[in-house]
Amino acid sequence: MTFLQPLILAALPLIGLPIIIHLINQRRFQTMQWAAMMFLVSAKALSRGYSRLRHWLIMMLRMLAVAAILLAASRPLSRGWLALAGGGRADTSIVILDRSPSMQQQDPTAEDSDSKLDTGRRQLIQSLATLATGRLVVLTDPKQKPFEVESPAVLADLAAPVASPTDVPLLLQSAYDYVRENSIGSTEIWLCSDQRHNDWNPESGEWAGMREAFAKLPQQVRFQLLSYSQTDPSNVAVRVTSARPHVHNGEIELLVTVVVSRQESSPQLTLPLRFEIGQAASTVDIQLDGKQAVLKDHPIALGRGDGPMGPGDHFRGWGRVSIPADANVADNDFFFVFDRPATRRTLIVAADGASRQVLSLVAHTPSSKDQACEVEVLVPEDLAAVAWDEVAIVIWQAPLPEGKTILLLEQFADRGGQLIFFPPEQPTEQSFAGVSWTNWTTHKEPLHVLTWRSDQDLLANTASGAALPIGELEVRRSCGLAGPYTPLASLPADATFLARATGQRGGVYFCTSTPSNRDSTLATEGIVLYALVQRAIDRGAEVIGKTRQVDADTLAAGFHSKDGQWTRLAGSSDALSTEMGLHAGVYQKGDRLVAINRPAAEDAASILADGRIDELFAGLSFSRISGRAGDDGSFVKEIWRMFLVAMLLALIGEAVLCLPKRSIPEPSLSSGMRSLEAVA
Amino acid sequence: MLSDRQPRSFLEPQVLSRLAAVPLLARKAMIGGVSGRHTSPHRGSSVEFAEYRKYVPGDDLRRLDWRAFGRSDRYYIKEFEADTNLRCCLVLDTSGSMNFGSAGLTKIQYARRLCGTLGYLAGQQGDAVGISCVANGIVRSLPPRRSPAHLRMVLDILEEAEPQGETRLPEVLHELAETIRQRALVVIVSDLFVDPAALGSSFSHLRFRHHDIAVFHLLDPQEVAFNFSRPTRFLDMEGGSAIFADPSDIADRYHTALSGYLAAIKQVVLESGIDYQRAMTDESYEQVLARFLVGRAAGKGLR
């Protein structure tokens, strides 16, 4: 509980005033010689328990009345029943707003209610105005510096909802930096969030450091979480997983794969999917029986005339799929772009002829007939002349690169390109991404892969859920790895078969054996090698070509740079140009198209449990106020009236208890009644 | 009669003269040594006819009713009532509680007036007057005698009586019941702060001994009202432990206890058939005595 006039609380010892008055009154007693002691003794013995209880009750009610008047005068604030942490008014309040799409959810039980974000903003404005905080700082994007605002009312115009997730640990780190650099006094950090797992990322190692850093701050820092964790299982999200042009009987049509999902598995639902491509719109119904339904390769005719991107161009364009409004409007639309499939160009640098041949064959065989694959075998010296923007993957079976080649490959990896290294016959001490080859080990008996990451990355199970036959591989010879890497597949005796280097934006993989029959059965058991290489090519191909489909906030900072060449084709017009990369929409720069959408994790309503949140703030002054979308009023309210009522009730109770009981008439002793006859 | 001494503070001549008009009569037949104003259980020589009885040899022939012999040819003796004096035993409670008084007079002072006036009135009509000052025992005692000198001694004792000690009135009354010879009028003046049941037992004992019992129950107005405004430490006037209490808190229960006590006293009075007079110390003792004397005069004639 917080008080606007906490100094008045210094008078709380006055609660003992009734006791002191009682004791003084007791000291004021008179002494008297008394004859009728037998009646006094009887009176003291009668109803002693009730009398004592009544005295205690009267005393307690008097003390309660004093306490209530003092508390009322100190102007207490209610922060919800769960937030009874102590503390006075902070010098600085830092507001951290979760603007992720899930915060757009409205109260499912009320019509036209505000979203969680709007509710949180409104309640924050009212509460901070009530608290009359000294300095107010707003933090919405970890990439931007916290900025000070004059009054809480400014919050109403700030922090528009975005399509990107909120990196809560990073925002808290920014808040910490602000507190430390500005040497401000007592600070209250208001965190408005819906406790989504993907926003909070509780497994992040940053939490421990953040806790330690805040705990070491000399000033007092309190955390107030405004939690809007209520979810609506009936909310449906729509997502496009693929959109590719296709020629069918001379007609150009777009094959779109749409996934609609929700948290509950019933009831059965028929949803109209509305497709908008250019000026044309079409609708198709999709049956949602369980938690998820997929509309696979739905054909949409693109026509013969002018395409959306220009006259005669029907193979490139953008579109949007939408579903009717439900609890969360942020996941009812999905933008997509399409183009002719880019040529999936693979560069192979291989010293071993057998390996080179196998790798070329694997890379040159597309997984779909619409895809065009191209393989180029090079020596390291030729790399300087490569058009890297067209390359999806580099497969390297040679001594690790040196000199300028390293820089080229690092830039390629940073851009999103994929790199797969196979060990050379003569390993060197050279390293790439901090990882280097050590020595070959020849195994007397062929080894089999014991464990591998089947849930993600290159060795993940297939779309149908089947595992790759990795366990059937035989490894006769393997080369050791040194450096920071994440194992994806392991051999016995802690040996690694496939690893991914850490710290690179793109994928840099190291396979410790070659496709040569001398080393392994990767070539003869070709499924694993094919899946591994083609998946890497798929990833690399995503960043090449003229169109890209990306999650919000995943593009480089250059997207919303000051050159201003990117223009918005679709999406919210309220978005600031500096935040375009955070808002869902379609953007164009020259002949390049980018569709930005919310990440897939936003569609999964995984809420972090309260207990887990408490663990994240363990050791810090933390309290949680639970709210729900559409709540009216401030969660910080002045509640002095409640204490006045309590005081009145206490006084009334005290008066009732002090009322003389129904008086027992004194024995009538008038002169005419004193004779025996009168008594009789 | 008392001219050789200075006036007693508890005797008022005007009151004595006014009350002298009403005789002090016993409600029961008394056995006195001399002729007096009270009925006797024996036949005597008064002018009041009592009954006829058959002559038996040895009877005084002067009391033979010759007219009856003439009418019936039988011998009858004509008998008359005997009038005698009474023995008035004053029992004065001199326990510590009798020293309490909030209305000007303490209970002991009030009791002195009652006892002194009654004793004087009894002496004036030729009755024997004695006194017993009692507390936790018989403190002082003077047997009933008729002489004026004896009455002076009684008054001296009254004057010198000092309230002290605790009350053991029932035990003392039992003792007096055994020690008072012959029938007597026993006048008890006390605040009766004892167990009513024990008190009833002692009254029954006195009645069994054919004594005529009169009780003056003295109460102070503050003992009844119990209207204090401040917490008070009550010191027991009879030496018991003190009690600290907030009178406003226990007044109701005090009154409950007092009512219960008075109801018990009333029951004892009804069962014992005693002459009970409750007197508040703020009330004129003359009125109390007048009510007492008139009430007894109405009951004269019982034998």
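Residues numbered from 1 in each chain as written. Chains lettered and ligands numbered in written order. Predicted model: local features only at pLDDT ≥ 70, side-chain atom pairs only at ≥ 80, totals over all residues.

Bringing the overall build of chain B into the picture now. Each helix and strand in chain B was counted, giving 9 helices and 10 strands. Within chain B, the proportion of its 303 residues that are buried is 42%. Long-range contacts, defined as pairs at least 24 residues apart, comprise 79% of the intrachain contacts of chain B with a sequence gap of at least 6. (Helix = DSSP H or I, 4+ residues; strand = E, 2+ residues; numbered from the N terminus. Buried ≥ 20, exposed ≤ 12 C-beta atoms within 10 Å, placed from the backbone. Contact = placed C-beta atoms within 7 Å.)

Here the focus is the interface of chain A and chain B. Note on interface size: it is often stated as the accessible area lost on association of the parts. The interface of chain A with chain B comprises 34 residues on the first partner and 45 residues on the second. Those elements that place two or more of their residues in the side of chain A that touches chain B are α1 (17-27), β2 (30-34), α2 (37-45) and α13 (676-679) of chain A. For the side of chain A that touches chain B, the leading source of residues is α2(A), giving 8 residues. Of the residues assigned to the side of chain A that touches chain B, the class counts are 18 nonpolar, 11 polar and 5 charged. In this sheet, strand β8 (residues 232-236) of chain B lies alongside β2(A) in parallel orientation, the contact comprising 5 bridges. Residue pairing across strands places M32(A) opposite F234(B), the latter belonging to β8(B). (Nonpolar A, V, L, I, M, F, W, Y, C, P; charged D, E, K, R; others polar. Pairing = 2+ DSSP bridges.)

Either a parallel or an antiparallel arrangement is found when strands of a sheet pair, and the pairing is made through backbone hydrogen bonds. Residues and elements named next belong to chain A. Spatially, the 3 strands line up as an open sheet ordered β9-β10-β13, and their pairing is antiparallel. The open sheet has two free edges, formed respectively by β9 (237-248) and β13 (292-301), since each of these has just one partner strand. Here the strands of the sheet are splayed against their neighbours by 15 degrees on average, with no regard to which way each runs. Where β9 and strand β10 (residues 251-261) come together, 11 bridges link them in antiparallel fashion. Looking at the pairing, H246 lines up with E253 of β10. (Axes fitted to C-alpha atoms, helices over the stretch in contact; angles between N-to-C directions.)

All names here are of chain B. A positive phi is found at L192, a non-glycine position, where the angle reads about 55 degrees. Overall, L192 belongs to the buried group, with 24 C-beta atoms counted inside 10 Å. At H210, a residue that is not glycine, the phi angle is positive and equals roughly 65 degrees. Residue placement: H210 occurs in the loop between α6 (196-208) and β7 (212-219). The class for H210 is partly exposed, based on 14 C-beta atoms found within 10 Å.

This part is about the sheet that holds strand β23 (residues 475-482) of chain A. Spatial strand order, β20-β21-β23 (chain A): 3 strands in an open sheet with antiparallel pairing. The open sheet is flanked by β20 (431-432) and β23 of chain A, the only strands paired with a single partner.

What follows deals with the environment of C133(B). Residues and elements named next belong to chain B. Among the structural elements, C133 can be located in strand β4 (residues 128-134). Between the alpha carbons of C133 and A161 there is a distance of 7.3 Å; along the sequence they are 28 residues apart. Sequence-distant contacts of C133, defined by excluding residues within four places in its chain, comprise L92, T94, V139, R140, I157 and A161.

In this section: the pairing of β7(B). All names here are of chain B. Of all 8 residues that make up β7, 7 are buried, and the element is covered over most of its length. Bridging between strand β6 (residues 185-190) and β7 involves 6 bridges; their strand directions are parallel. Bridge assignment links V187 to a residue of β7, and that residue is A214. As a crossover connection, the stretch from β6 through α6 into β7 is right-handed. In this sheet, strand β10 (residues 275-280) lies alongside β7 in parallel orientation, the contact comprising 6 bridges. In the sheet register, L219 faces β10, and the bridge partner there is M280. (Right-handed = clockwise from strand over helix to strand, strands pointing away.)

Detailed reading of the predicted coordinates is not advisable wherever pLDDT is low. Residue and element names in this part refer to chain A. The share of residues in chain A with pLDDT of 70 or more is 88%, and the mean pLDDT across the chain is 82. Note on residues 81-86: pLDDT under 50 across the span, and 11 contacts to partners over four residues away in sequence or across chains. Ignoring residues within four places in sequence, the model shows residues 670-680, a span with pLDDT below 50, making 19 contacts including any to other chains. (pLDDT = per-residue confidence, 0-100.)

Residue and element names in this part refer to chain B. Orientation of helix α5 (residues 169-179) relative to α6, taken along the N-to-C sense of each, is 10 degrees, at an axis distance of 8 Å. As judged from the angle between their axes, α5 and α6 are roughly parallel. Together, L169, P170, L173, H174 and A177 of α5 and A198, L199, S201, S202, H205 and L206 of α6 make up the contact between the two elements. Split by residue class, the contact of α5 with α6 holds 7 nonpolar, 4 polar and no charged. (Parallel < 35°, antiparallel > 145°, perpendicular 65-115°, else oblique.)

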